[in-house]
Amino acid sequence: MAHRINKIPGNADYSISVGDKHRTRALDNFRDAIKRAFDLIGSIALIFLAFPLLFVVGLLVATDGGPVFYRHSRVGRCGRMFGCWKFRTMILDAEACLGEYLSYHPEAAREWEREQKLAFDPRITSVGRFLRQSSLDELPQLFNVLSGDMSLVGPRPVTQAEMKHYGPVAPLYMSVRPGITGLWQVSGRNDVGYNERVALDKHYILNHHVLLDLFILYRTIGVVVSRRGAR
């Protein structure tokens, strides 16, 4: 059964101020319906086009005898936890490996505490490293979009532990579906610190519209090809 880590206001009328304008609940619902339709059409089209690639990548991942997919618990809309799908990019028993590595490398432990990522991650396989640099590991998230847990564009899905970085922005973060791509990805990705990442997510949520989503999707193509900010 899905659980929630926090509840955001949802039973009473509310509005979010953007400049001198106020977005009413009715307008929010209309925009959400448009965004959901865009996500459904886009995810179905992309799954159809990417199916041969999904098959080939799956075969490559399975060469070490481990599972093809990795499902990790992430924070979704309204604080609902969901299983975020990726191609597996790490060795088997990766969590034990991480714990042992951090215990012997205090600088890496501080980096992990600060960023929830490592510049050098001993858990990543050779195939996984290529998938991460090319962002191909995130292709299975198209099925998360199809199921309604994610959007094509939005804040990146975070773990429950990472929510501490969002502070007072957390309720705003949980008011939308997380996305496969977003402002963070097209603004430097792993080269961007967490504080700036939170600011980018806040800016997107308060200002998102279809044209902005199309612009981010367009920019994502260039970022993926150049591998800028990827690790």
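A few points on the structure. (Residues numbered from 1 in each chain as written. Predicted model: local features only at pLDDT ≥ 70, side-chain atom pairs only at ≥ 80, totals over all residues. Heavy atoms only, no water.)

### A few points about the overall build of the protein
Link 1 in the chain: Check the secondary structure of the protein and you find 9 helices and 6 strands.
Link 2 in the chain: Considering the protein as a whole, with its 231 residues, one finds that 45% of them fall into the buried category.
Link 3 in the chain: Considering only intrachain contacts with a sequence separation of at least 6, the fraction spanning at least 24 residues in the protein is 71%. (Helix = DSSP H or I, 4+ residues; strand = E, 2+ residues; numbered from the N terminus. Buried < 20%, exposed > 50% of the residue type's maximum accessible area, 1.4 Å probe, protein only. Contact = heavy atoms within 4.5 Å.)

### A few points about helix H1 (residues 25–61)
Link 1 in the chain: For H1, spanning 37 residues, the distance from its first C-alpha to its last is only 44 Å, which falls clearly below the expected 54 Å at 1.5 Å a residue.
Link 2 in the chain: The largest bend in H1 is about 55 degrees, located at Ala50, with the proline Pro52 one to four residues further on.
Link 3 in the chain: Every buried residue of H1 is accounted for by Asp28, Lys35, Arg36, Asp39, Gly42, Ser43, Ile47, Ala50, Leu54, Val57, Gly58 and Val61. (Expected span 1.5 Å × (residues − 1). Bend = angle between axes of the 7 residues up to and from the residue.)

### Details of the environment of His203
Link 1 in the chain: With respect to the helices and strands, the residue His203 is situated in helix H8 (residues 194–207).
Link 2 in the chain: Its relative accessible area of 46% is what places His203 among the partly exposed residues.
Link 3 in the chain: Considering only alpha carbons, one finds His203 and Leu183, 20 residues apart in sequence, at a separation of 8.8 Å.

### Looking at the packing of aromatic side chains
Link 1 in the chain: Taken as a whole and judged by the stated rule, the model has 5 aromatic pairs.
Link 2 in the chain: Both rings, one in Tyr166 and one in Tyr194, keep their centres 6.2 Å apart while their planes meet at 90 degrees; by these two values the pair is edge-to-face. Placement of Tyr166 in the loop between strand S5 (151–153) and helix H6 (170–173) and of Tyr194 in helix H8 is noted, with a sequence separation of 28 residues between them. By the burial criterion, Tyr166 is buried, and Tyr194 matches it.
Link 3 in the chain: Clustering of aromatic rings is evident, with ring pairs tying together Phe69, Trp85 and Phe87.
Link 4 in the chain: Over the aromatic face of Trp184 sits the side chain of Arg197, whose NZ or CZ is 4.2 Å from the ring centroid. (Phe/Tyr/Trp six-rings, centres within 6.5 Å; stacked < 30°, edge-to-face > 60°. Lys NZ or Arg CZ within 6 Å of the ring centre and 35° of its normal.)

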